[in-house]
Amino acid sequence: MRKVNINEIKEDPWQSSGGKYAVAFKGISEALGREPASLDLSKRHPFDLEWNRVPAGKCNFPYHAHSAQWELYLVISGKGTVRHKDGKTEVIPGDAFIFGPDEPHQLINSGDEDFIFYVIADNPIGESAYYPDSGKWKVNKSSAADRVVIKGQETDYFDGEE
């Protein structure tokens, strides 16, 4: 059995250059041995579990839709607004929601304290994402770290977002 305590996993903060987007992660699956770049499903795992913390007034990422990925969310603390194709929905601790492929989404901290949630994703190989607000595509070559963002031609990730 593999076991970790999330309190012992290092928090990995991320923020956009303009400061509109900010989120900190704890890669629970990776702490349990998941190898995201592997093509061997026994090393890659069929799903990924991640703890996320979005500071007050920030969005986690630009509004986007995955080409093949499913994401299941569970709110732990704080208050959030989920932007989706039908509008916006407020979420609170205990709420769970899911997005499938081609369903655009964005999480926004709409409270005064940190917005904390878990996300479970299947992270399919060959995944790409579309950004409806800016008309861009993110294409992963082999992993999330090895990606190209294009808008008619290759562009910066935050082009048209901030």
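Student: It is not clear to me how unusual backbone geometry should be interpreted in this structure. Could you clarify?
Tutor: Apart from glycine, the bulk of residues carry a negative phi angle, and the bulk of peptide bonds sit in the trans form. Unusually for a residue other than glycine, histidine 45 sits at a positive phi of about 70°. Looking at where histidine 45 falls in the secondary structure, it is placed in the loop between helix H2 (41-44) and strand E3 (48-54). Take histidine 45: its relative accessible area is 16%, and that puts it in the buried class. Unlike most non-glycine residues, aspartate 102 shows phi in positive territory, near 65°.

Student: Any chance you could explain the sheet that holds strand E2 (residues 22-27) here in plain terms?
Tutor: The strands making up a sheet are joined through hydrogen bonds of the backbone, oriented either antiparallel or parallel. A sheet is described by the order of its strands in space; here 6 strands give the open sequence E1-E2-E3-E10-E5-E8, paired in antiparallel fashion. Sheet topology places strand E1 (12-15) and strand E8 (96-99) at the edges, where each strand pairs with a single neighbour. The mean inter-strand angle of the sheet, taken between neighbouring strand axes irrespective of direction, is 25°. Here E1 pairs with E2 via 4 bridges, running antiparallel. Bridged to aspartate 12 within E2 is phenylalanine 25.

Student: For this particular structure, what's the right way to read the packing of aromatic side chains?
Tutor: Aromatic ring pairs are defined here through the distance separating the ring centres and the angle between the ring planes. Summed over the entire model, instances satisfying the criterion amount to 13 aromatic pairs. A ring pair is formed by tyrosine 73 and phenylalanine 97, whose centres lie 5.0 Å apart and whose planes are at 15°; its orientation type is stacked. Residue tyrosine 73 is located in strand E5 (residues 71-77), and its partner phenylalanine 97 is located in strand E8; the two are separated by 24 residues in the primary sequence. In terms of burial, tyrosine 73 and phenylalanine 97 fall into one category: buried. With centroids separated by 6.1 Å and ring planes inclined at 80°, the aromatic side chains of phenylalanine 97 and phenylalanine 99 adopt a geometry described as edge-to-face. Take phenylalanine 97: its relative accessible area is 14%, and that puts it in the buried class. Residue phenylalanine 99 is classed as buried on the basis of its relative accessible area of 8%.

Thresholds, definitions, all that
Residues numbered from 1 in each chain as written. Predicted model: local features only at pLDDT ≥ 70, side-chain atom pairs only at ≥ 80, totals over all residues. Heavy atoms only, no water. Helix = DSSP H or I, 4+ residues; strand = E, 2+ residues; numbered from the N terminus. Buried < 20%, exposed > 50% of the residue type's maximum accessible area, 1.4 Å probe, protein only. Pairing = 2+ DSSP bridges. Axes fitted to C-alpha atoms, helices over the stretch in contact; angles between N-to-C directions. Phe/Tyr/Trp six-rings, centres within 6.5 Å; stacked < 30°, edge-to-face > 60°.

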